[in-house]
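# Results of the structural survey
Each chain is listed here by its residues.
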Amino acid sequence: MEKKNIDWANLDFGYIKTDKRYVSNFKDGAWDDGCLIEDDQITISECACVLQYAQTCFEGLKAYTTEDGRIVVFRPDLNAQRLEDSAKRLEMPVFPQERFIDAVVKTVEANEAYVPPYGSGATLYIRPYMFGSNAVIGVKPADEYQFRVFTTPVGPYFKGGVKPLTIRISDYDRAAPHGTGHIKAGLNYAMSLYPIVDAHEKGFDENMYLDPATRTKVEETGGANFLFVTKDGTIVTPKSNSILPSITRRSLMYVAKEVLGYKTEEREVYFDEVKDFAECGLCGTAAVISPVGKINDHGKEICFPSGMNEMGPVTKKLYDTLTGIQMGRLEAPEGWIKVIK
Ligand SMILES: *Cc1c(COP(=O)(O)O)cnc(C)c1O
């Protein structure tokens, strides 16, 4: 397979159109057989439920070339389950989990020429999503839906080295206590655009959202979960019903405990405790873990001992272990790696 002529190491996290995408349509109560197509454009009603009422949810995962030249994806079964959970909360039909995995495999296979080579640091980002496609003006769920999977090659997250992030406490809320924070819905991102643009304008990389009810507990950022390391080496992650259950975070917590032998805790984390932690990281598919160096709470700074130049030692160990598993350098726990070819 001849790879595309792309400068893999200098790719950004941006959209590049690849050759094929998977499409399946839901109509009259059933999904059709689905197929790969070339057309990247979508034509839908001006009154489509997704356009008027944001009835849409999505997933994000990556395909990697391993050290021995295989193409693999990481835990796609968990993305399939999470898309099912999101769809149910948004009154959308479930796309069957085994079909979700099959669609991911077919789309990656069809775009093999865009899967970055091992060692480039780049990966093929996979975006499955679905939306209500027919006209709806009175507020109710659509009757017709489209499920799609497209791929786009993305560059190394830490281009030019790791740079710990500076984040701020947000004055805006991300997710209401019994709202939709736990599902991967476009609507959670629409409302985060204003606070993230504002954060960037003020020189911050991300927003730390606190629980809206009491403003005392750590939730997450707009698109990544928190991991903290205590001074005595326990790994702590916030527990809340309004956090999106990150697959990266769940995998890191497993690896921390079962592979590396750390003590781990998933529990409510009060913002008051954060100043006493030794390390802080943000986890998600894009970066695996990005270290946080500094948190700004309305002008009052918390500076982690790991500093602004490198990952803390425990964060680094977690990062190396999980990326080692994803790239096939380390043995993966049973069922974590789906080999495409
Ligand atoms: C997607 C997402 C994450 C990260 O989840 P992964 O499965 O690890 O990629 C974290 N927070 C939010 C709000 C997200 O949408």
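Residues numbered from 1 in each chain as written. Predicted model: local features only at pLDDT ≥ 70, side-chain atom pairs only at ≥ 80, totals over all residues. Heavy atoms only, no water.

## A short note on the environment of Asp28
- Relative to the assigned elements, Asp28 resides in the loop between β1 (21–27) and β2 (30–31).
- Here Asp28 falls in the exposed class, since its relative accessible area comes to 73%. (Helix = DSSP H or I, 4+ residues; strand = E, 2+ residues; numbered from the N terminus. Buried < 20%, exposed > 50% of the residue type's maximum accessible area, 1.4 Å probe, protein only.)

## Considering the layout of surface pockets
- If you add up the space inside the second largest pocket, you get close to 450 Å³.
- Gly121, Pro156, Tyr319, Thr323 and Met327 are, among the 28 residues lining the second largest pocket, the residues nearest its centre.
- Breaking the lining of the second largest pocket down by element, the ones donating at least two residues are β5 (61–65) and α8 (313–326).
- Looking at the lining of the second largest pocket, the element that brings in the most residues is α8, giving five residues.
- Of the residues in the lining of the second largest pocket, the class split is 15 nonpolar, nine polar and four charged.
- Residues from two domains meet in the lining of the second largest pocket; each of domain 1 (8–154) and domain 2 (165–326) gives at least three. (1 Å grid on protein atoms, 1.4 Å probe; cavity = no way out; pocket = protein on both sides within 12 Å on 5 of 7 lines; lining within 4 Å. Points joined across faces, edges and corners; volume = space filled by probe spheres on them. Nonpolar A, V, L, I, M, F, W, Y, C, P; charged D, E, K, R; others polar. Domains from an automatic or database assignment.)

## Points about the domain arrangement of the protein
- Domain annotation of the protein identifies domain 1 (8–154) and domain 2 (165–326).
- At the interface, 22 residues of domain 1 touch 21 residues of domain 2.
- Interface of domain 1 and domain 2: buried area, both sides summed, is about 1700 Å²; carbon and sulfur atoms make up 64% of it.
- Sorting the residues of domain 1 by area buried against domain 2 places Phe58, Phe74 and Arg82 first, and these three jointly supply 37% of that buried surface.
- Counting across the domain 1 and domain 2 interface gives zero salt bridges.
- At the boundary of domain 1 and domain 2, one finds eight residue pairs in polar contact (both at pLDDT 80 or more).
- For the side of domain 1 that touches domain 2, the secondary-structure elements that each account for two or more residues are β4 (56–58), β5, β6 (71–74) and α2 (76–89).
- Per-element tally for the side of domain 1 that touches domain 2: the top contributor is α2, with six residues.
- Grouping the amino acids of the side of domain 1 that touches domain 2 by side-chain chemistry returns 11 nonpolar, five polar and six charged. (Contact = heavy atoms within 4.5 Å. Buried area = accessible area lost by both parts, 1.4 Å probe. Salt bridge = Lys/Arg side-chain N within 4 Å of Asp/Glu carboxyl O. Polar contact = N/O pair within 3.5 Å; in protein donor to acceptor, adjacent residues only side chain to side chain.)

## Considering the side chain of Arg148
- Relative to the helices and strands, Arg148 resides in strand β8 (residues 145–154).
- For the buried Arg148, which has no salt bridge, the nearest side chain bearing the opposite charge is Asp39, at an N-O separation of 6.5 Å.
- A distance of 2.7 Å separates a polar atom in the side chain of Arg148 from a polar atom in the side chain of Gln146.
- Apart from residues no more than four positions distant in its own chain, Arg148 is found in contact with Arg21, Tyr22, Val23, Ile37, Asp39, Gln41, Ile42, Arg127, Pro128 and Tyr129. (Lys, Arg positive; Asp, Glu negative; His and termini not counted.)

## Considerations on empty space enclosed by the protein
- Within the structure shown, the criterion is met by one cavity of 30 Å³ or more.
- Taken as a whole, the largest cavity holds about 50 Å³ of empty space.

## Notes on the pattern of salt bridges
- If you walk through the whole model with that rule in mind, you get 21 salt bridges.
- Arg82 is paired through a salt bridge with Glu59; the nearest N and O atoms lie 2.7 Å apart. In this pair, Arg82 sits in helix α2 while Glu59 sits in the loop between β4 and β5, placing the two residues 23 residues apart along the sequence. This pair shows no difference in class: Arg82 is buried, exactly as Glu59 is.
- A salt bridge links Glu266 to Arg249; the nearest nitrogen and oxygen atoms lie 3.6 Å apart. In this pair, Glu266 is assigned in strand β13 (residues 263–267) and Arg249 in helix α6 (residues 247–259), connecting sequence segments 17 residues apart.
- Judged by its relative accessible area of 43%, Glu266 falls in the partly exposed class.
- Arg249 sits in the buried class, given a relative accessible area of 6%.

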